[in-house]
Amino acid sequence: MVDLIDEFGVATVVLTGGTMGSAVLRAINESPARDTIDWSGVHFWWGDERWLPRGDAERNETQAREALLDHIAIDAGNIHAFPASGEGIELEAAAEVYALELAAHAAEGATLPRFDITFLGVGPDGHVASLFPEQAGIRENDATVIAVRNAPKPPPERLSLTLPAINSSTRIWMVLAGADKASALGLSLAGASINEVPAAGVEGRRSTLYYVDKEATAEVPENLTATEIFWTAADATD
Ligand SMILES: O=C(O)[C@H](O)[C@@H](O)[C@H](O)[C@H](O)COP(=O)(O)O
């Protein structure tokens with residue numbers, strides 16, 4: 001991140017919800033490196049949000065604030081949270097509001113800012129952000145942000161970046177741990193269909209790295225564990 005700030009004057013990070021998303025932020029908060037970063041040069045966005053009132057303990061924004069954002073010197077304007085429920089707009093309008101905010105921070109003619117690093121947790125069913133298997137959102141190729149209803153993971157109403165928006169990221173760091181993620185990781189690396197395993201469609205423009213624990217690798221196809229690609233990803237520092 002320090003290198004990105006040096007190069008561009010600003011680094012843009014897209015956060016994920018879930019236990020791994022919070023764990024990553026807590027680890028940064030507890031690291032001595034936290035105070036070496038000029039946070040005024042960092043902008044935070046989210047890959048998805050749960051449609052709940054502002055400050056609700058289950059909102060991804062609330063959890064990220066508690067884990068890191070409330071503890072660093074950063075301008076409120078650098079934190080780009082999704083709209084919240086109960087603030088007078090409907091879910092679909094909220095998706096448009098976030099799409100407009102993204103476009104407002106994009107280069108001229110573009111709809112998205114440059115995303116330097118995007119974090120993604122992965123669900124046991126292979127979902128990423130709020131793009132769930134067999135739901136229309138995973139096939140959305142035009143919009144950058146969608147309203148999600150009937151999500152199988154609570155709450156049912158959510159907002160999410162679309163797959164093309166996620167894949168516009170320079171680097172994508174997938175973070176997953178535990179035996180309940182083994183099938184999703186295995187199927188994703190084995191090239192399952194995006195419709196069945198949304199994580200299989202994730203591909204950063206420069207790199208896509210999986211940060212995993214041993215339990216989560218139980219179903220990675222053998223031919224892949226033997227390749228440099230898989231283990232290099234786990235060891236890489238980029
Ligand atoms: O809002 C959310 O719930 C998410 O952003 C979701 O995509 C999450 O990242 C995965 O479900 C993994 O969550 P865990 O790390 O808790 O398993």
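Our subject is the structure that appears above.
Here the structure is a predicted model, which means the values were calculated and not measured. (Residues numbered from 1 in each chain as written. Predicted model: local features only at pLDDT ≥ 70, side-chain atom pairs only at ≥ 80, totals over all residues.)

Draft legend 1. Focus on the environment of Leu 187. Among the structural elements, Leu 187 can be located in helix α6 (residues 182-189). Take Leu 187: there are 20 C-beta atoms within 10 Å of it, and that puts it in the buried class. Measuring from C-alpha to C-alpha, the distance between Leu 187 and Ala 99 comes to 31 Å, with 88 residues separating the pair along the chain. Those residues within four positions of Leu 187 in sequence are excluded, and the remaining contacts are Gly 126, Ala 192, Val 197 and Ala 200. (Helix = DSSP H or I, 4+ residues; strand = E, 2+ residues; numbered from the N terminus. Buried ≥ 20, exposed ≤ 12 C-beta atoms within 10 Å, placed from the backbone. Contact = placed C-beta atoms within 7 Å.)

Draft legend 2. Up close: the sheet that holds strand β1 (residues 11-15). Strand order in the open sheet made by the 5 strands is β2-β1-β4-β7-β8, with parallel pairing throughout. Edge strands, defined here as strands with exactly one partner in the open sheet, are β2 (42-46) and β8 (207-212). Going across the sheet, the axis of each strand differs from the next one's by a mean of 20 degrees, ignoring polarity. Bridging between β1 and strand β4 (residues 117-121) involves 2 bridges; their strand directions are parallel. Following the sheet pairing, Val 14 is matched in β4 by Thr 118. Sitting on the sheet, helix α2 (residues 18-30) is in contact with β1, β4 and β7 (171-176), with an inclination near 135 degrees to β4. (Pairing = 2+ DSSP bridges. Axes fitted to C-alpha atoms, helices over the stretch in contact; angles between N-to-C directions.)

Draft legend 3. Broad picture of the site of the ligand. Taken together, 16 residues sit near the ligand, with Gly 17, Gly 18, Thr 19, Met 20 and Gly 121 positioned nearest. If you list the elements that add at least two residues to the shell around the ligand, you get α2 and β3 (48-50). Here the shell around the ligand takes 4 residues from α2, the largest share from any one element. Grouping the amino acids of the shell around the ligand by side-chain chemistry returns 4 nonpolar, 9 polar and 3 charged. (Near = placed C-beta within 6 Å. Nonpolar A, V, L, I, M, F, W, Y, C, P; charged D, E, K, R; others polar.)

Draft legend 4. The arrangement of the sheet that holds strand β6 (residues 158-161) in detail. Across the sheet, which stays open at both edges, the 3 strands sit in the order β3-β6-β5 with antiparallel pairing between neighbours. Edge positions in the open sheet fall to β3 and β5 (145-148), since each of these has one partner strand only. Strand after strand, the sheet turns through a mean of 15 degrees between neighbouring axes, direction not considered. Sheet topology places β5 next to β6; 4 bridges connect them, and they run antiparallel. When the bridges of β6 are listed, Val 148 appears paired with Arg 158. Lying on the sheet, helix α4 (residues 91-104) is in contact with β5 and β6; it crosses β5 at an angle near 160 degrees.

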